[in-house]
Amino acid sequence: MYYAGVYLAVFSWNSLSEVLKSILPQNYSYLIENFNELPSYRTTENFIIPQFELDVFVDIDNEEKAREWFMAFESKSKMTMPETKRSREIKRQQSSQLRNTNCTSTIHLRLERWRIELSHPLEVNIKFIHNHVIISAESLSFRRVNEKVRERFLELFKDGHSPASAMYTHEDELYLSAADEQELLLLLADRASNLDYDYIFNLFRQYRQDSLGDRNGSAMFRRLAEVVNDYNNSGKGRVILQEYDSRSGKAFILCVVTGLMSRVHEKILQSSEICYMDASASFEPLNTSITLLYTSYAVGALPLGLFITSDELEITLEKALNLLKSILPQHAFYGRGAQLGPKIFLTDDSSAERNALELCWPESIRLLCTFHVLQAFWRWLHNSKHYINKADREPIMQKMKEILYAPSDLEMHKYYCEFKQRFYGQYPQLHKHFELMWERRSIWALSFRSEFHIRGNNTNNYIERSFGIIKDIVFARTQAYNCVQVFQFITQNMERFYSLRLLNFAHRRPGYLRIAKRFLCSGWDTVNMDSIKKHSIENEFFVKSVNNSGHFYTVNSEIGTCTCRIGMTGAPCKHQGAISVKFHISMFNFIPSLTSNDRMIYAYIAIGYTAEDSSFYVSLHAEFISQDREGLQMETTMPNSNLTIEYSESNKNVKDDITIFINFLEEIKEDYSNGCAQLHTALNKFAEHYKTAKLKSIPRLVSFLYDINRELDPAVNIRSGSMIRVQVESVK
């Protein structure tokens, strides 16, 4: 080909010599004008380095493509060719990490306008005259960072990684991606693919500065205001910010109500009954305080709102609560409204919190966490300044517990009189301290709570555990950089945690029952099912006491209460569990009785969306549910045996098996109709046990059916030799 008056041959990459293939990028064609091999260079360590000069033209006609070719050239040849605009002074001549070896290799690119119309307009002049080994671990450690690798690290930082964890994660990815050991060595040694820690740290510092602002001061508040404004415009929730101003005495306040919190207010009845409130600090270097407002449900604690403050003074908390009220939804606290608030607040004994609550929600009842009351009293007893003898500390504490846990006002006064008579004369300081506590007994003694729907919750344990989740999982046991990152953790990580947790329940994922044991109907099997009677009032039942056969408890399945000592405040009890199991009634105090509607509610709370088809949430194994629940008592009749059964065409024997089984059911029906009362009772009991086993799981039902014949077939109990020893977990 004639090129500028000279005949030049066009070479594809495959037709080049091996030396040129090692440095020139693929997918281009080349016009070689000059290729001059020079004498090889021998290093002091006796390594031979080939040298040459190359003048070539490339089929590239614009500056962007020329830059792409140059980046591909550096990647292919493993060389770093910095642009030489001016000479640089070497600051540390004796450094072990000295980059400059006085290497005279150069590359020159020229793209002139008059050549653009030609087939190969880009002129490249290469002087490959290195005085060092190119592909060595030390040479590769100085290469220019690849832009794609840099972007990958920014993604890791965005996901919450620190410089160290991002570096370890990326190195693991390189290790797993290498095809062989040689490629692994090159990937890990090459700075283009494996960044050094100093570069990673500086990149992280720049990323943090751009995304979070400064640690404190006006720049941090400007960035926080931008983030809050973006969040409010996104429609994911509502936030209100009061910036800190030392001159005017304004405290820093940030109130947050996310979309999930708003949906908890809308769908969870307990949000109107009880709200737990507590505060904790040490989430970031400025030591701001986070105050949580939570409610409890069968799936655990759920957030209703929170606020971040620079201090925990009463005036600050009052202002924060009023700001929080302004962003609560109209349906706040299950329709009671933001101004009325929940019926009950449960807090620790913080006067600032309690006074602020009284000012903001005066109609709500404020109760104390019994754990914190006992803990504070225990500390008072063990303080040497109060001169309580060691031998008397335990009996004093025991009597205090009897007063606190007394079920009635009469018993409480009885224990109080015993307490005064035994200890007041000997300890005047105890006399003074306990009298102050006695005046406030209505907010900590359980005998005053029998009329409140607190669902058996007398402590702040839900919110204490929630703080543990926030610190362990949301913040990963690491202090946030500043308040901007605290806000991001709450609105992103914390929101995501509770969404996934609720979806696990909605989707009946394995392990979804790993919650408090009392939400699993424990103890219901001790109740005599035959003694349960339905009241004329809808949703009310009479359940015979297990210990006193002449006493009956009244259970209301709609509001989840029982007249027994445990269920009186709405806590789950065995009598409610028996009702739920026998009559297949969904009660929000228990997990196993969740219906498809319950699971749809959980999905809605989690992400504000439910599947288009409601059948997505139905149980895998359909259960018989009578239209008239009274018929489930099976007093005189059996369910209709007219069955509609579907079977798979792939199994040719299924139809015959179903015919045999239907005949068997007809036989049972005839036996039930013509049998004696004893047979009626036995078959009724079998039906209840069948439904109970099926409610738990199909494997449990299969085990129940297989175990029926144990007493009929004597061969079942025959054993040969000693029992084979196995691990405990195998038995489980």
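### Quick look at the overall build of the protein
From N to C terminus, the protein includes 24 helices and 18 strands. Going through the 732 residues of the protein one by one, you find that 42% of them count as buried. When contacts within the protein are restricted to residue pairs at least 6 apart in sequence, long-range pairs at least 24 apart make up 60% of them. Just so you have it, the protein exposes about 42300 Å², and 50% of that area is on carbon and sulfur atoms.

### Some thoughts on the nonpolar core
When a protein is soluble and globular, its nonpolar side chains tend to lie buried together. Counting 83 residues, the largest nonpolar core has Leu224, Leu254, Phe307, Phe487 and Met494 as its most contacted members. Element by element, the count of residues in this core is highest for helix H18 (residues 483-506), at 13 residues. Contacts of Phe487, omitting those with residues within four sequence positions, involve Leu224, Val227, Val228, Tyr231, Val239, Leu254 and Val256. Formed by 28 residues, the second largest nonpolar core is a distinct cluster that contains Ile396, Ile403, Ile443 and Trp444.

### Comments concerning the sheet that holds strand S17 (residues 552-556)
Strand order in the open sheet formed by four strands is S15-S16-S17-S18, with antiparallel pairing between adjacent strands. The strands lining the two open edges of the sheet, one partner per strand, are strand S15 (533-534) and strand S18 (561-562). Inspection of the sheet shows S17 paired to S18 by two bridges, in the antiparallel sense. Looking at the pairing, Asn556 lines up with Thr561 of S18.

### Thoughts on helix H17 (residues 461-474)
Taking 1.5 Å of rise per residue, 14 residues should cover 20 Å, and H17 covers 19 Å from first to last C-alpha, within 8% of that figure. Among all positions of H17, only Tyr462, Ile463, Ser466, Phe467, Gly468, Ile469, Ile470 and Val474 are buried. The positive-phi residue at the C-terminal boundary of H17 is Ala476, with phi of around 55°.

### Considerations on helix H2 (residues 63-77)
Taking 1.5 Å of rise per residue, the 15 residues of H2 would be expected to cover 21 Å, and the 21 Å separating its terminal C-alpha atoms lies within 8% of that figure. Those residues of H2 that fall on the buried side of the exposure criterion are Ala66, Trp69, Phe70, Phe73, Glu74 and Ser77. Mapping the buried residues of H2 onto a view down its axis gives an arc of 140°, with all of them on the same face. For H2, the exposed residues set more than 90 degrees away from the buried face come down to Glu64 and Arg67. Contacts from the buried residues of H2 go to strand S4 (29-42), strand S5 (48-58), strand S6 (106-110) and strand S7 (122-128). For H2, the N-terminal capping position is held by Asn62, with its side-chain oxygen 3.2 Å away from the main-chain nitrogen of Glu64.

### A word on the sheet that holds strand S10 (residues 274-280)
If you walk across this open sheet you meet the seven strands as S8-S9-S12-S11-S10-S13-S14, and the pairing is mixed. Edge strands, defined here as strands with exactly one partner in the open sheet, are strand S8 (237-242) and strand S14 (365-368). Along the sheet, successive strands turn relative to each other by an average axial angle of 25°, direction set aside. By the bridge criterion, six bridges tie S8 to strand S9 (residues 253-258) in an arrangement that is antiparallel.

### Digging into the environment of Tyr231
Tracing the sequence through the fold places Tyr231 in helix H8 (residues 218-234). Residues Tyr231 and Thr491, 260 residues apart in the sequence, show an inter-C-alpha distance of 8.8 Å. With residues near it in sequence (within four places) discarded, Tyr231 still touches Lys236, Gly237, Arg238, Val239, Thr258, Gly259, Phe487 and Thr491. A distance of 3.5 Å separates a polar side-chain atom of Tyr231 from the backbone oxygen of Lys236.

### Concerning the packing of helix H13 (residues 370-382) against helix H14 (residues 390-405)
Relative to each other, H13 and H14 sit at 155°, their axes nearing to 11 Å. Overall, the two elements H13 and H14 adopt an arrangement that is roughly antiparallel. Relative to H14, H13 is oriented so that their crossing is right-handed. Contact residues: Thr370, Val373, Leu374, Phe377, Trp378, Leu381 and His382 in H13; Arg393, Ile396, Met397, Met400, Lys401, Leu404 and Tyr405 in H14. Tallied by class, residues from the contact of H13 with H14 come to 10 nonpolar, two polar and two charged.

### Regarding the confidence of the model for the protein
Parts of the prediction with low pLDDT should not have their coordinates interpreted in detail. Looking at the protein, pLDDT values average 81 and 83% of them are 70 or higher. Counting interchain partners and residues more than four positions distant, the pLDDT-below-50 stretch residues 623-652 has 31 contacts. When the criterion is pLDDT under 50, residues 710-732 qualifies, and its contacts beyond four places in sequence or with other chains add up to four contacts.

### Comments concerning the packing of aromatic side chains
The geometry of two aromatic rings is summed up by the distance between their centres and the angle between their planes. All chains considered together, the criterion is met by 26 aromatic pairs. Ring pairing ties together the aromatic residues Phe377, Tyr416, Phe419, Phe423, Tyr424, Phe434 and Trp438, which thus form one cluster. Above the face of the Tyr604 ring, Lys267 is positioned so that its terminal group lies 5.4 Å from the ring centre. For Lys471, the ring lying beneath its charged end belongs to Phe283, and the centroid distance is 5.4 Å.

### Description of the pairing of S5
Sheet faces and side chains relate simply in a regular strand, where the side chains alternate between the two faces. Here S4 pairs with S5 via 10 bridges, running antiparallel. Bridged to Asn36 within S5 is Glu53. Remark: five residues form the turn of the hairpin made by S4 and S5, two consecutive strands paired antiparallel; Asn46 in that turn has positive phi of roughly 70°.

### So, a negative patch on the surface
Judged by side-chain charge, Glu666, Glu667, Glu670 and Asp671 come together as a negatively charged surface patch. As for its placement among the helices and strands, Glu670 is situated in helix H21 (residues 654-674).

### Examining a nonpolar patch on the surface
Taken together, Tyr175, Leu176 and Leu188 make up a surface patch of nonpolar side chains, about 350 Å² in accessible area. In this structure, Leu188 sits in helix H6 (residues 181-189).

### Side note on the side chain of Ser77
Here Ser77 lies in helix H2. At a separation of 2.7 Å, a polar atom in the side chain of Ser77 contacts the main-chain carbonyl oxygen of Phe73. Aside from chain neighbours lying at most four places away, what touches Ser77 is Ser22, Ile23 and Ile134.

### Comments concerning the packing of H17 against H18
It is at 11 Å that the axes of H17 and H18 come closest, and there the two elements cross at 110°. Judged by the angle between their axes, H17 and H18 are roughly perpendicular. Seen along the crossing, H17 lies across H18 with a hand that is right-handed. On the side of H17, the interface is formed by Ser466, Ile469, Ile470, Ile473 and Val474, while H18 contributes Phe489, Asn493, Met494, Phe497, Tyr498 and Arg501. Each residue belonging to the contact of H17 with H18 can be placed in one class, and the counts come to eight nonpolar, two polar and one charged.

### Quick look at the pattern of salt bridges
Should the charged atoms of two oppositely charged side chains come close, the side chains can pair. Counted under the stated rule, the structure contains 20 salt bridges. Put simply, Glu151 and Arg150 hold a salt bridge, and the shortest N to O gap is 3.9 Å. Since its relative accessible area comes to 25%, Arg150 is described here as partly exposed. A salt bridge links Asp349 to Arg440; the shortest N-O distance between them is 3.0 Å.

Rules used throughout
Residues numbered from 1 in each chain as written. Predicted model: local features only at pLDDT ≥ 70, side-chain atom pairs only at ≥ 80, totals over all residues. Heavy atoms only, no water. Helix = DSSP H or I, 4+ residues; strand = E, 2+ residues; numbered from the N terminus. Buried < 20%, exposed > 50% of the residue type's maximum accessible area, 1.4 Å probe, protein only. Contact = heavy atoms within 4.5 Å. Areas by Shrake-Rupley, 256 points an atom, 1.4 Å probe, with all protein chains shown as cover. Core = buried A, V, L, I, M, F, W, Y, C linked by side-chain atoms within 4.5 Å. Pairing = 2+ DSSP bridges. Expected span 1.5 Å × (residues − 1). Arc of directions from axis to C-beta. Polar contact = N/O pair within 3.5 Å; in protein donor to acceptor, adjacent residues only side chain to side chain. Axes fitted to C-alpha atoms, helices over the stretch in contact; angles between N-to-C directions. Parallel < 35°, antiparallel > 145°, perpendicular 65-115°, else oblique. Left-handed = near helix turned anticlockwise from the far one by under 90°. Nonpolar A, V, L, I, M, F, W, Y, C, P; charged D, E, K, R; others polar. pLDDT = per-residue confidence, 0-100. Phe/Tyr/Trp six-rings, centres within 6.5 Å; stacked < 30°, edge-to-face > 60°. Lys NZ or Arg CZ within 6 Å of the ring centre and 35° of its normal. Patch = residues over 30% accessible without salt bridge, like charges linked within 9 Å, V, L, I, M, F, W, Y side chains within 5 Å. Salt bridge = Lys/Arg side-chain N within 4 Å of Asp/Glu carboxyl O. Lys, Arg positive; Asp, Glu negative; His and termini not counted. Charge placed at Lys NZ, Arg CZ, Asp CG, Glu CD.

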